[in-house]
Amino acid sequence: MVEQCNLDSQAVISEATSISSGGQQTSVETPSRRVREATYRDIPHLLGLGYKFHQYSPYRDLPYDINSVSDFIKVLIDSPTGVLYTNGEGVIGGLMHPLYFGGGNIAQELFWFAEGGGMELLSAFEGWAISQNASGVSVSSLVVGEREDRIIDKLYSRKGYKAHEKAYFKEL
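Summary of the structure given here. Given the structure is predicted, the values throughout are model-derived calculations rather than measurements.

Points about the nonpolar core
In terms of nonpolar packing, the biggest core is built from 16 residues, with Tyr85, Ile92 and Trp128 touching the most fellow members. Broken down by secondary-structure element, the contributors of at least two residues to this core are β2 (82-86), β3 (90-98), β4 (105-114), α4 (118-131) and α5 (146-158). The element best represented in this core is α4, accounting for six residues. Residues within four places of Tyr85 in sequence aside, it is in contact with Val35, Arg36, Glu37, Ala38, Gly90, Val91, Ile92, Leu121, Ala124, Phe125 and Trp128.

Some points on a nonpolar patch on the surface
Residues Tyr59, Leu142 and Phe169 make up a contiguous nonpolar surface patch of about 270 Å² in total accessible area. Turning to its location among the elements, Tyr59 is positioned in the loop between α2 (43-56) and α3 (66-78). Taking relative accessible area as the criterion, Tyr59 reaches 32% and is therefore assigned partly exposed.

Focus: the side chain of Ser57
As for its position among the elements, Ser57 is in the loop between α2 and α3. Among the polar contacts made by the side chain of Ser57, one reaches the main-chain amide nitrogen of Tyr59 at a distance of 3.0 Å.

Brief notes about the pattern of salt bridges
In total, this model carries four salt bridges according to the counting rule given. Between Lys52 and Glu115 there is a salt bridge, and its shortest N-O distance comes to 2.1 Å. With Lys52 in helix α2 and Glu115 in the loop between β4 and α4, this residue pair connects regions lying 63 residues apart in the sequence. Take Glu115: its relative accessible area is 40%, and that puts it in the partly exposed class. Between Lys159 and Glu126 there is a salt bridge, with its nearest N and O atoms 3.4 Å apart. With a gap of 33 residues between them, Lys159 in the segment after α5 and Glu126 in helix α4 connect regions that are remote in the sequence.

Cut-offs and rules
- Residues numbered from 1 in each chain as written.
- Predicted model: local features only at pLDDT ≥ 70, side-chain atom pairs only at ≥ 80, totals over all residues.
- Heavy atoms only, no water.
- Core = buried A, V, L, I, M, F, W, Y, C linked by side-chain atoms within 4.5 Å.
- Buried < 20%, exposed > 50% of the residue type's maximum accessible area, 1.4 Å probe, protein only.
- Helix = DSSP H or I, 4+ residues; strand = E, 2+ residues; numbered from the N terminus.
- Contact = heavy atoms within 4.5 Å.
- Patch = residues over 30% accessible without salt bridge, like charges linked within 9 Å, V, L, I, M, F, W, Y side chains within 5 Å.
- Areas by Shrake-Rupley, 256 points an atom, 1.4 Å probe, with all protein chains shown as cover.
- Salt bridge = Lys/Arg side-chain N within 4 Å of Asp/Glu carboxyl O.
- Polar contact = N/O pair within 3.5 Å; in protein donor to acceptor, adjacent residues only side chain to side chain.

This is the structure in structure tokens:
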């Protein structure tokens, strides 16, 4: 069954601005802190969180296209190989794909942003990976800097992760 979601760009940006400034959300119902798979009803709230995430990310100089983000959220919600979890204060999304050197499939985290309950989201993602018979989970970090790298390294290593790659981006 396909759910409908009508987007009001101004309402989403207004909510995101409210979230960014620490204000109360007024344009959409705030989900509970319980981690669950996202639905189409969550899209306006997730777009608000996405806008705030965008402001913190190294991609903040690129435009935040609400329709593209909404379409991407729908792909993850509808994908048999994808997942999108939310707890009302954060979101994590990812896809299963073959490990290119063999060794089965891995769950690839595509984005993870939380103002609360972030580790709960990661644990839910790991649980999903196990349920999909993944041979591993790959996560990334958008923070760049020596101090930030140490913090992220400590966070991930406590959960059993090891550094494997470093990503670079070139705008075209």
